[in-house]
Amino acid sequence: MEVDVLKRVPVREQDPKVRATNFEEVCLGYNQEEAMAEATRCLKCKKPQCQTGCPVNIDIPSFIREVEAGTNAEAYKVISMYSALPAVCGRVCPQESQCESKCIRGIKGEPVSIGKLERFVADWARENGIKPEVTAEKKGKKVAVIGSGPSGLTCAGDLAKAGYDVTIFEALHEAGGVLVYGIPEFRLPKQTVVAAEVENVKALGVKIETNVVIGKSVTIDELLNEEGFDAVFVGSGAGLPKFMGIPGENANGVFSANEFLTRNNLMKAFKEGYDTPIFKGKKVAVVGGGNVAMDAARTALRLGGEVHIVYRRGEEELPARVEEVHHAKEEGIIFNLLTNPKEILVDENGWVKGMKCVEMTLGEPDASGRRKPVEKEGSEFVLDLDTVIMSLGTSPNPLISSTTAGLEINKHKCIVAEEATGQTSKDGVFAGGDAVTGAATVILAMGAGKAAAKGIDEFLSK
Amino acid sequence: MYKIVRKEYLANNIYLMDIEAPRVAKSCYPGQFVIVKMDEKGERVPLTVCDYDREAGTVTIVFQTVGASTKMMAQYEVGEYFQDFTGPLGCKSELIDEPIEELKKKNILFVAGGVGTAPVYPQVKWLKEQGVDVDCIIGARNKDLIILEEEMKKVAANTYVATDDGSYGFKGNVNDKIKDLVNNEGKKYDLVVAIGPLIMMKFVCLLTKELGIKTIVSMNPIMVDGTGMCGACRLSVGNEIKFACVDGPEFDGHLVNFDEAMKRQQMYKTEEGRAILREKEGATHHGGCGHCH
Ligand SMILES: Cc1cc2nc3c(=O)[nH]c(=O)nc-3n(C[C@H](O)[C@H](O)[C@H](O)COP(=O)(O)OP(=O)(O)OC[C@H]3O[C@@H](n4cnc5c(N)ncnc54)[C@H](O)[C@@H]3O)c2cc1C
Ligand code: SF4
Ligand code: FES
C-alpha cells in the first residue's frame, strides 16, 4: 500500500446519506493493511511528544512499532499497561487536542492517526479473544467503587489487578456510565465495544452490583462500617442536567439532552420491540455546542427530523470535537451559530411550536478567555419547531455528597479530591472523574480512576 | 433478579405484589418509590413503596394496569422474577423526620384517591406505630373501586369512605367529605396529605387553601432514570423547577403547578392509550374526586 508521509491513510466511513438513516457505527476503522501502512508514518521519536499529550501517558511509539511489525498482540500489551478501555478511547478521545496535536508529523502535514491505530489494536484484541492479564496475589481487602463509568471501571480494574476484592455499585440497570446512556450507538457500539470492555473488567474478578443507588439504597458510611469495605472510590460522574430558565421550558417537547439520549441509548427506544417511547420530532433545535449537543442532534436526525444546532458563540468556539462537528455537517445538521434562545413558544395544548431567538456578536474576552457573546439589538426571529433539546452542560448529582458526612464539595457541587491520589476530605474515601472535575472527558476520567487506584493501594498498604 | 413472593388482585385491575429486594427493604421509608424494569426490553416504571418488611427483605408494590407495561407486569406470577428493581428513590415523607411529640400534637388528615390509597397506607401505618393517630378519607367512584379499606381501618383512628355514586359510605367526592368533616363534624386539621390522581390533588389543594390547611401531595410524573439525571420528571413548584425523583415525590401542594403537570403527563399518551384510559378508568383519571366528568 502506497503512503504519502504527509497525509494520513484515510479511514473508511459509512456514506453520510446512508448513515443519516441508521444507527450503525459511522467510522469503520482500519484493517490490518491500512493500520500497518499508517504505522510506517510514525517516526518513533526518541522524545515522543505525543506521549506527553496523552492524559494517561501511553507509550505511543512502542505500540505503533508493534503495529508496523504486524505483532498486534504485543501492541495490545503495551496499551493495556496504561489504558483499561482502549476500544472506547480510540473512538471517543479528543486526540486532535491531545496526542495528535503534539505529533511531530503534524508540523508539516497531518499527524499520525494515533486514535485510529489504538482502536485498531483494541478491536483486533477483542475479535481474537485476548484478555488483559491478572497477576497479583490476593490482598484480602475490600474496595467499593461507586459508578461504572470510565473512572469507576478503570479504578476497579487496576485495583483488581493489584489483588483487591472490588465491587462496583451502579445506580442504573446497566454498567458503563455515559458510555451506555450518553454516547450513541453510531459513535460507540454498545454490545460489541462497551459491553466487551465491561466484561474485561469483570474477567479481572471485579463484581458489579447494578440497581444500587449509593446515598439511597446504602450510604458510604454503611459500606465502610457495616459491609466491611476498607476504602471507597466515588466515580459517580456529573449527570445532573442544566436548563436555561427561559419561559416555556417545561412545555411538552422540551427535553434535556440526557433524557433524549438516555431514552435512545440506554433504553434503546430506536429499536423495534423495546418499550420505552421517544418523541420523534420533525423540526428539532438542539441548544448548545458540545459533544453532547452533537450526539443529540445526530440522534434526532436519525429519528427522522430536520435538526438545528443553536449555539450562542461562533464555529471556532464550538466545544465539540472537530470530527463530530464535521460528521454532523456532512449528515445535514443545520448550524445556527451566534444565536441564543430567548423563549420557547407553546401552543394551547402545552406543546412546543417554536423558539424565539436573538442573534449575537462576539465582544471582549471574558474571564474564561473566550469572547463574550452579546445580543444584537432588534435581531429577534422565530424558529418553527416541535422539539427543543437542551444541552447546556451537567453538574454532579448531590445524592452522594448530601448523604456522606465529612465529604467536602466546592461551589460547583464537585467533590474536592487531591489530583495525584484521589484522596477526599474523608478518610478512606477517594474520588475522581466528572464527579470531581465536572463534565470532562473519558480519558481524564480514566486517568483519575488510575491515580485513585494507586492512592487507594498506598492507603491500604500503610 | 428480584423474585415475586406474593401477588394479590385487589380490585378494578389493581394488583399488589411483594418483591424480594433486601437492600431496598432495609433502607426504604414511606413516601419513597422504586423503579421496576421487568425484562431486557422493558421500560423503567416508577412505583411508590406501599409497604416493606425489613426482616423478610421484601417490598410491597401496588399498581393498576393502565398502559402496556403495567398490563405486562400483571402477567407475572409468584415465583417469577423482575430483572431490575431499584430503590428506594426520592425523599421519605417529611413526617418521618419530625419529632414524634410534635406529630402527636397535630391533627392530620390523609386523603386517598383510587390507587393512591396504596401509598397512603404505609404512612398511616408508620404513624400508628409511633403512636400518632390520624384520620383518613378513601375516595372512589363506586364501591368496587375501594381498595385496602380493612387494612386502613386497622391503622387509622377514623377511616371514612366516600363514593361519588353513594354506593358505599358517604355520597360525594373527597372534597365533599372534607367539607363535611370540617363544617358538620367540627373537625380541625393542621395538615392534609393527599395522594391520588392529579386532578383530585389539584382540587383538594384548592379547597385546603381556602380552609387554610397546609397540604402535602405526592407527584408521580413521567420518569426515566429516577436518580436526577434526565429532568423528565421536572415540575414547577412555587417559582422553582424541581425534579420529582430527587426533590420529591412529595411537595407542598399549594405551590405545585398542577395544570402544567397534567399537560406533561400526557406527553407519551398515544390516542390508543387514551382510549384504554377512558374505557378502563385508569389510575391517572377518575380517582373518585368527581371533578373529571
Ligand atoms: C452525550 C455525551 C457525549 C460525550 N462524548 C465524549 C467524547 O466524545 N469524548 C470524551 O472524551 N468524552 C465525552 N463525553 C464525556 C465523558 O463521557 C465523561 O467525561 C466520562 O464518561 C466521565 O466518566 P465518569 O466515570 O466520571 O462518570 P460517568 O461516565 O458519568 O459514570 C458515572 C456512573 O455513576 C453512576 N452513579 C451516579 N451516582 C450514583 C450513585 N449515587 N450510586 C451509584 N451509582 C451512581 C451513574 O449512573 C453512572 O453510571 C461525553 C458525554 C456525554 C454525556
Ligand atoms: S509524535 Fe507522532 S511521529 Fe513522534 S512518536 Fe508520537 S506519533 Fe510517532
Ligand atoms: S426521572 Fe430523570 S431526573 Fe427525575
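Calculation criteria
Residues numbered from 1 in each chain as written. Chains lettered and ligands numbered in written order. Predicted model: local features only at pLDDT ≥ 70, side-chain atom pairs only at ≥ 80, totals over all residues. Heavy atoms only, no water. Helix = DSSP H or I, 4+ residues; strand = E, 2+ residues; numbered from the N terminus. Rg over C-alpha atoms; globule rule 2.2 N^0.38 Å. Buried < 20%, exposed > 50% of the residue type's maximum accessible area, 1.4 Å probe, protein only. Contact = heavy atoms within 4.5 Å. Core = buried A, V, L, I, M, F, W, Y, C linked by side-chain atoms within 4.5 Å. Near = heavy atom within 4 Å. Nonpolar A, V, L, I, M, F, W, Y, C, P; charged D, E, K, R; others polar. Polar contact = N/O pair within 3.5 Å; in protein donor to acceptor, adjacent residues only side chain to side chain. Areas by Shrake-Rupley, 256 points an atom, 1.4 Å probe, with all protein chains shown as cover. Buried area = accessible area lost by both parts, 1.4 Å probe. Salt bridge = Lys/Arg side-chain N within 4 Å of Asp/Glu carboxyl O. Patch = residues over 30% accessible without salt bridge, like charges linked within 9 Å, V, L, I, M, F, W, Y side chains within 5 Å. Pairing = 2+ DSSP bridges. Axes fitted to C-alpha atoms, helices over the stretch in contact; angles between N-to-C directions. Parallel < 35°, antiparallel > 145°, perpendicular 65-115°, else oblique. Left-handed = near helix turned anticlockwise from the far one by under 90°. Disulfide = S-S within 2.5 Å. pLDDT = per-residue confidence, 0-100.

1. Some thoughts on the overall build of chain B
Then, in step 1: Helix and strand content of chain B: 10 helices and 17 strands.
Then, in step 2: In terms of overall dimensions, chain B is globule-like: its C-alpha atoms have a radius of gyration of 18 Å, near the 19 Å expected for 293 residues.
Then, in step 3: Taken over 293 residues, chain B has a buried fraction of 58%.
Then, in step 4: Considering only residue pairs separated by 6 or more positions, chain B has 66% of its internal contacts joining residues 24 or more positions apart.

2. A word on the nonpolar core
Then, in step 1: Core analysis: the biggest nonpolar cluster contains 75 residues, and Ile60(A), Phe63(A), Ile64(A), Val67(A) and Ile456(A) have the highest contact counts within it.
Then, in step 2: In terms of residue count, the dominant contributor to this core is helix 17 (residues 442-461) of chain A (eight residues).
Then, in step 3: Sequence-distant contacts of Phe63(A), that is, excluding residues within four places in its chain, are made with Ile58(A), Ala75(A), Val78(A), Ile79(A), Ile114(A), Leu117(A), Glu118(A) and Val121(A).
Then, in step 4: Ile14(B), Met17(B), Leu103(B) and Ala112(B) belong to the second largest nonpolar core, which has 59 residues in total.

3. Looking at the site of ligand 2
Then, in step 1: Around ligand 2, the structure places Cys42(A), Leu43(A), Cys45(A), Cys50(A), Pro61(A), Cys103(A), Ile104(A), Val112(A) and Ile114(A).
Then, in step 2: Of the residues that constitute the shell around ligand 2, the class distribution is nine nonpolar, no polar and no charged.

4. Comments concerning unusual backbone geometry
Then, in step 1: A cis geometry characterises the amide bond from Gly87(B) onward to Pro88(B), with omega recorded as -5°.
Then, in step 2: Mapped onto the elements of the fold, Pro88(B) is located in strand 8 (residues 84-89).
Then, in step 3: A cis amide bond, omega 5°, links Gly248(B) with the succeeding residue Pro249(B).
Then, in step 4: Assignment of secondary structure puts Pro249(B) in the loop between helix 8 (244-247) and strand 17 (250-252).
Then, in step 5: One non-glycine residue, Lys413(A), lies in the positive phi region at around 70°.
Then, in step 6: Assignment of secondary structure puts Lys413(A) in the loop between strand 17 (394-395) and strand 18 (429-431).

5. Concerning the site of ligand 1
All names here are of chain A.
Then, in step 1: What surrounds ligand 1 is a group of 34 residues, the closest being Val92, Ser151, Glu170, Arg187 and Asp434.
Then, in step 2: At 2.9 Å, a backbone N or O of Ile214 approaches a nitrogen atom of ligand 1.
Then, in step 3: Contact between ligand 1 and Asp434: an oxygen atom at 2.8 Å from a main-chain N or O atom of the residue.
Then, in step 4: Taken by itself ligand 1 offers 1000 Å² of open surface, and the protein chains cover 95% of this.
Then, in step 5: Contributions of two or more residues to the shell around ligand 1 are made by helix 9 (150-161), helix 14 (291-302) and helix 17.
Then, in step 6: Sorting elements by how many residues they give to the shell around ligand 1 places helix 14 first, with three residues.
Then, in step 7: Residue composition of the shell around ligand 1, grouped by class: 18 nonpolar, 12 polar and four charged.

6. Considerations on the interface of chain B and chain A
Then, in step 1: Contact with chain B, which involves 41 residues of that partner, is made by 45 residues of chain A.
Then, in step 2: For the pair chain B and chain A, the summed buried surface comes to about 3500 Å²; carbon and sulfur atoms form 52% of the total.
Then, in step 3: For the chain B face of the interface with chain A, the top three residues by lost area are Arg23(B), Met229(B) and Tyr268(B), together amounting to 23%.
Then, in step 4: Salt-bridge contacts for Lys26(B) lead to Glu226(A); the nearest nitrogen and oxygen are separated by 3.5 Å.
Then, in step 5: On the surface where chain B and chain A come into contact, there are 21 residue pairs in polar contact (both at pLDDT 80 or more).

7. Brief notes about a nonpolar patch on the surface
Then, in step 1: A cluster of nonpolar residues, Leu43(A), Ile104(A) and Ile107(A), forms a patch on the protein surface that exposes about 300 Å² of accessible area.
Then, in step 2: By secondary structure assignment, the location of Leu43(A) is in the loop between helix 2 (32-40) and helix 3 (49-53).

8. Overview of the environment of Leu28(A)
Residue and element names in this part refer to chain A.
Then, in step 1: With respect to the helices, strands and loops of the structure, Leu28 is situated in strand 2 (residues 27-29).
Then, in step 2: In this structure Leu28 comes out as partly exposed when scored by relative accessible area, which is 44%.
Then, in step 3: In sequence terms Leu28 and Ala162 are 134 residues apart; their C-alpha atoms lie 35 Å from each other.
Then, in step 4: Those residues in contact with Leu28, other than ones at most four positions away along the chain, are Arg12, Glu13, Gln14 and Arg119.

9. Concerning the sheet that holds strand 4 (residues 45-48) of chain B
Residue and element names in this part refer to chain B.
Then, in step 1: Spatially, three strands are ordered 4-3-8 in an open sheet, and the strand pairing comes out antiparallel. The sheet terminates laterally at strand 4 and strand 8, the two strands that pair on one side only. In this sheet, neighbouring strand axes are inclined to one another by 25° on average, regardless of whether the strands run parallel or antiparallel.
Then, in step 2: The pairing of strand 3 (residues 33-37) with strand 4 spans four bridges and is antiparallel. Across the sheet, the residue bridging to Val34 is Leu47, located in strand 4.

10. Describing the environment of Glu20(B)
Then, in step 1: Here Glu20(B) shows up in strand 2 (residues 14-20).
Then, in step 2: Taking the C-alpha atoms as reference points, Glu20(B) and Thr60(B), separated by 40 residues in sequence, lie 9.1 Å from one another.

11. Let's talk about the pairing of strand 8 of chain B
In regular strands, side chains alternate between the two faces of the sheet.
Residues and elements named next belong to chain B.
Then, in step 1: Among the six residues of strand 8, six are classified as buried, and the element is accordingly described as predominantly covered.
Then, in step 2: Bridge count for strand 3 against strand 8 is four bridges, and the pairing is antiparallel. By the bridge assignment for strand 8, Ile35 is matched with Thr86.

12. Observations concerning the pattern of salt bridges
Residue and element names in this part refer to chain A.
Then, in step 1: Here the structure, examined in full by the defined rule, presents 48 salt bridges over all chains.
Then, in step 2: A salt bridge links Asp123 to Arg91; the shortest N-O distance between them is 2.9 Å. With Asp123 in helix 8 (residues 114-127) and Arg91 in helix 6 (residues 86-92), this pair connects stretches of sequence that are 32 residues apart.
Then, in step 3: Accessibility expressed as a relative area gives 10% for Asp123, which makes it buried.
Then, in step 4: Glu331 is the salt-bridge partner of Arg298, the closest N and O atoms lying 3.0 Å from each other.

13. Side note on the packing of helix 14 of chain A against helix 15 (residues 322-331) of chain A
Residues and elements named next belong to chain A.
Then, in step 1: Here helix 14 crosses helix 15 at 25°, and the two axes come no closer than 10 Å. One finds that helix 14 runs roughly parallel with respect to helix 15. For the element pair helix 14 and helix 15, the recorded crossing hand is left-handed. Every residue of helix 15 that contacts helix 14 at Asn291, Met294, Arg298, Leu301 and Arg302 is listed here: Glu324, Val325, His327, Ala328 and Glu331.
Then, in step 2: Its residues assigned to classes, the contact of helix 14 with helix 15 shows four nonpolar, two polar and four charged.

14. Some points on the state of the cysteines
Then, in step 1: As enumerated under the stated definition, the model contains zero disulfides over all chains in all.
Then, in step 2: With no disulfide partner, Cys93(A) has as its closest neighbouring cysteine sulfur the one in Cys89(A), 4.1 Å distant.

15. Considerations on the side chain of His327(A)
Then, in step 1: Considering the arrangement of structural elements, one finds His327(A) in helix 15.
Then, in step 2: Ignoring any residue separated from it by four or fewer positions in sequence, one finds His327(A) in contact with Glu13(A), Arg19(A), Val26(A) and Arg298(A).

16. Points about the confidence of the model for chain B
All names here are of chain B.
Then, in step 1: Summarising the model, chain B shows a mean pLDDT of 86, and 91% of its residues fall at 70 or more.
Then, in step 2: Within chain B, no element has a lower average pLDDT than helix 10 (residues 271-280), which sits at 42, and none a higher one than strand 14 (residues 214-218), at 95.
Then, in step 3: In the model, residues 270-293 has pLDDT below 50 throughout and makes 49 contacts with residues more than four positions away in sequence or in other chains.
Then, in step 4: Scored by ipTM, the complex comes to 0.84, with pTM at 0.89.

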